[in-house]
Every structure is written in C-alpha cells, then in structure tokens.
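Remarks on the overall topology
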Amino acid sequence: MKTCAILCAAGKGTRFGGDTPKQFLFLKGKMIIEYSLEVFEKSHFIDGVVLLVPQGFEDIAKSLKNKFSKVISWDYGGKERADTVKRGLEILKGECDIVAIHDAARPFITLELLEKLIAEVETHFAVAPGILAKDTVKFVVDGHIQNTLPRSNICLIQTPQVFKFDLIYRGYEMFKNELFTDDLQYVERLGIKPKIIENSSINFKITTKEDLLIAEAIVEKGYWQ
Ligand SMILES: Nc1ccn([C@@H]2O[C@H](COP(=O)(O)OP(=O)(O)OP(=O)(O)O)[C@@H](O)[C@H]2O)c(=O)n1
Ligand SMILES: C[C@](O)(CO)[C@H](O)COP(=O)(O)O
C-alpha cells in the first residue's frame, strides 16, 4: 500500500499580506512549510510528497526538494486551492493508493495524528482531523442572525485530509467545475461520510498576522520543537 502527500503551498496569502507567501516565512529558524515537511519526512507511512508552489518560488521548491528526501517532485499550483490539489492528484495518478492532502500554512501537525488518519482511511475511505465548536454557533446573513446551530454537531475541519486515492480522484473528476473550500466535499458529494478524528486546536491554519503571533508563542513556550 503506497501513501503519498500533496503539500499545498501555492497560495499568495492575501489575507496575511506582504510579498512573501506566509508558508515561506521563517518561524523561529525555519520556514513554516518545513514544520509539516519534517513530519512527513519522519513518517514511515509516507512514501513521497508532492510540493505545489506559486509561480516565482521555484528556488524554494528546489531547495526543499534537496533538503527533504521524501519530496519526490514539485510543480506550480493553480489559481485556487482546488486547482492546486487537482495538479497534485494528476502528478500522483497511478503512483499511490492513499493520499494525504495538507495545507503548508498549518505547521503544527503531529506524527501521531498523521499516522492515525492513515490507519483509519482503510476502513473509512476519507478521514480528517477536526475540533468540536467551543463557542455558540450562529448562522448569519448580512450581519443578522438567522438561527443558532446545534453546537454538538459542529466541527471545524483541519488538514491533513486523507483519502483512498481513486476516490478523491473520482470526486475531483466528477465535480471539476466546483471550487469547494476543502477536499472532503468532493467525496461527500459522492455519498461518502468521511470520518472525523478529534484533534487539538494547535493544528490551526496561519491565515492572518495575528495567527503568526500565536504560532510564535507556541514555539517560544516550548509546545513545539
Ligand atoms: N491557489 C492556492 C491557494 C491556496 N493554497 C494553499 O492552501 C492552503 C490554505 O489556503 P489559505 O490559508 O487560504 O492560503 P492563501 O490562499 O495563501 O491565503 P489567502 O486566501 O488569504 O490568499 C495554504 O497552505 C495555501 O498555500 C494553494 O496551494 N493554492
Ligand atoms: C482546507 C481547509 O484548511 C480546511 O479547513 C480550509 O477550508 C482552507 O480554506 P482557505 O479558503 O484555503 O483558507
């Protein structure tokens, strides 16, 4: 059983701002993208990683490919995240049975989480980490509450999202004109009910400058190596 990863690092970081996409910024001595690459590198369950970067960042892609032996290839991503994932899936077609799709902007994944997701995919076909909502959740339109959602059924979804390769490939083929905000939706639409593994909120996505301050504090306080 061959397992590969698609590392989505082709975003521009518009909400974060600045010239350098957030995944290439340094967080206490190494680039944000390197945190998750180190975990993929360490895992005996991962056979290869495909890295997708924005146009103009080929030097970084090449240097990461040299540094991490599991990076088997790199390419440019697409305009939207879903376009980037599509490119990764095309590169890996015929190369693996299981694929883990991860945001480079989420540095704090653990080996334990990654391997748990990979173990569960055998029985559940699609598996992802998530956190249960801690606050009350409202459905809001134009700044006005329409209704209150049942909190115990609300889960905020993270990555890596792990799939049987043929299933996610089929989902992306069937719904090629959709730009869903995560990969699970492509298989949900095929009638699959993906499994959720409850996880820590430390696996958050660095989206704004405020998030980088939190990430720095996590590393500084020794919650992360
Ligand atoms: N066309 C894109 C867009 C996003 N991503 C990646 O998908 C992850 C999650 O996306 P997000 O946080 O939205 O990153 P950006 O698209 O860079 O941010 P923004 O929407 O603020 O521009 C990031 O690792 C990002 O690099 C990607 O590979 N290709
Ligand atoms: C895939 C994702 O990280 C799951 O929470 C998220 O949907 C990415 O969203 P973005 O619009 O690319 O920030």
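Criteria and cut-off values
Each chain carries its own residue numbering, running from 1 in the written order of its sequence. By the order in which they are written, chains take letters starting at A while ligands take numbers starting at 1. With pLDDT at 70 or above as the cut-off, local features in this predicted model cover only qualifying residues; side-chain atom pairs require 80 or more to be listed or tallied, and sums for whole chains, interfaces and linings still use all residues. Only hydrogens and water are set aside when side-chain values are computed; all heavy atoms of the structure are taken into account. UniProt positions are given in the numbering used here, feature names are shortened, and annotations may be inferred rather than shown by experiment. Residues are labelled near a given molecule or strand when at least one of their non-hydrogen atoms is within 4 Å of it. Polar contact criterion, stated in full: a pair of N or O atoms within 3.5 Å, where within protein one must be able to donate a hydrogen and the other to accept it, and residues adjacent in sequence count only if both atoms are side-chain atoms. Note that accessible areas follow from Shrake-Rupley with a 1.4 Å probe, and for residues the cover is restricted to the protein chains shown. Here the nonpolar group is Ala, Val, Leu, Ile, Met, Phe, Trp, Tyr, Cys and Pro; Asp, Glu, Lys and Arg are the charged ones; every other residue, Gly included, is treated as polar. Secondary structure elements follow DSSP: runs of H or I no shorter than four residues count as helices, runs of E no shorter than two count as strands, and numbering proceeds from the N terminus. Each residue's exposure class comes from its accessible area (1.4 Å probe, protein chains only) as a fraction of the maximum for that residue type: buried when under 20%, exposed when over 50%, partly exposed otherwise. To qualify as a nonpolar core, a set must consist of buried Ala, Val, Leu, Ile, Met, Phe, Trp, Tyr and Cys residues joined through side-chain atoms within 4.5 Å. In this analysis, two residues are considered to be in contact whenever any of their non-hydrogen atoms come within 4.5 Å of each other. Scored between 0 and 100, pLDDT is the confidence that the predictor attaches to each residue. Multiplying one less than the number of residues by 1.5 Å gives the expected span of a helix. The arc in question is the one traced by the directions running from the helix axis out to the C-beta atoms.

- In the annotation of an unreviewed UniProt entry, the entry for the protein reads 2-C-methyl-D-erythritol 4-phosphate cytidylyltransferase, and the organism field reads Caldicellulosiruptor acetigenus.
- Quoted verbatim from the Sequence similarities (unreviewed entry) heading of the UniProt record, the comment on the protein is "Belongs to the IspD/TarI cytidylyltransferase family. IspD subfamily."
- For the protein, the Pathway (unreviewed entry) comment in UniProt is given as "Isoprenoid biosynthesis; isopentenyl diphosphate biosynthesis via DXP pathway; isopentenyl diphosphate from 1-deoxy-D-xylulose 5-phosphate: step 2/6."

What to know about the site of ligand 2
- As a structural note, the neighbourhood of ligand 2 is formed by Arg15, Arg81, Asp103, Arg106, Ile157, Thr159, Thr181, Asp182 and Lys205.
- Ile157 is positioned such that a nitrogen or oxygen atom in its backbone is 2.6 Å from an oxygen atom of ligand 2.
- Contact with the protein chains covers 74% of the free accessible surface of ligand 2, which is 360 Å².
- Classifying every residue of the shell around ligand 2 gives 1 nonpolar, 2 polar and 6 charged.

Re unusual backbone geometry
- Residues Thr159 and Pro160 are joined by a peptide bond in cis, for which omega reads 10°.
- For Pro160, the location among the structural elements is in the loop between strand E10 (155-157) and strand E11 (161-164).
- A positive phi angle is found at Phe125, which is not glycine, with a value near 70°.
- By the secondary structure assignment, Phe125 is in the loop between helix H4 (111-124) and strand E7 (126-132).
- Of note in the backbone geometry, Asp142 takes a positive phi value of approximately 50° without being a glycine.
- For Asp142, a relative accessible area of 73% gives the class exposed.

With respect to the nonpolar core
- Formed by 30 residues in total, the largest nonpolar core has its most connected members in Leu7, Ile33, Leu37, Phe40, Val49 and Leu51.
- The set of elements that each furnish at least two residues to this core consists of strand E1 (3-8), helix H1 (32-42), strand E4 (48-53), helix H2 (58-67), strand E6 (98-103) and H4.
- With 5 residues, the top contributor of residues to this core is H4.
- Those residues in contact with Leu7 that sit more than four places away from it in its chain are Ile33, Ser36, Leu37, Phe40, Val49, Val50, Leu51, Leu52, His102, Asp103 and Ala104.
- Ranked by size, the runner-up nonpolar core spans 25 residues in total, among them Val50, Ala82, Ala126 and Ala128.

Comments concerning the UniProt feature "site: Positions MEP for the nucleophilic attack" (unreviewed entry) in the protein
- Under the UniProt annotation, the feature "site: Positions MEP for the nucleophilic attack" (unreviewed entry) is placed at Arg151 and Lys205.
- Checked against the element boundaries, Arg151 lands in the loop between strand E9 (144-149) and E10.
- By relative accessible area, Arg151 is classed as partly exposed at 39%.
- If near-sequence neighbours (up to four positions away) are discounted, Lys205 is found in contact with Arg15, Asp103, Ala105, Arg106 and Asp211.

With respect to the site of ligand 1
- Taken together, 19 residues surround ligand 1, and among them Gly13, Thr14, Arg15, Lys22 and Thr84 come closest.
- In the environment of ligand 1, an oxygen atom lies 2.8 Å from a nitrogen or oxygen atom belonging to the backbone of Cys8.
- Here Lys205 contributes a side-chain N or O atom positioned 2.9 Å from an oxygen atom of ligand 1.
- In terms of residue class, the shell around ligand 1 is built from 5 nonpolar, 6 polar and 8 charged.

As for the confidence of the model for the protein
- Of the residues in the protein, 100% have a pLDDT of 70 or more, and the chain-wide mean is 97.
- For this predicted complex, the interface confidence comes out at an ipTM of 0.98, alongside a pTM of 0.98.

Points about helix H7 (residues 209-220)
- Here H7 spans 17 Å end to end across 12 residues, near enough to the 16 Å set by a 1.5 Å rise per residue.
- Looking at H7, one finds that the buried residues are Asp211, Leu212, Ala215, Ile218 and Val219. Buried residues of H7, viewed axially, fall in a sector of 115°; they line one side. Exposed side chains of H7 directed beyond 90 degrees from the buried face belong to Glu210, Leu213 and Glu220.
- Taken from the residues just after H7, Gly222 is the one with a positive phi, measuring 85°.

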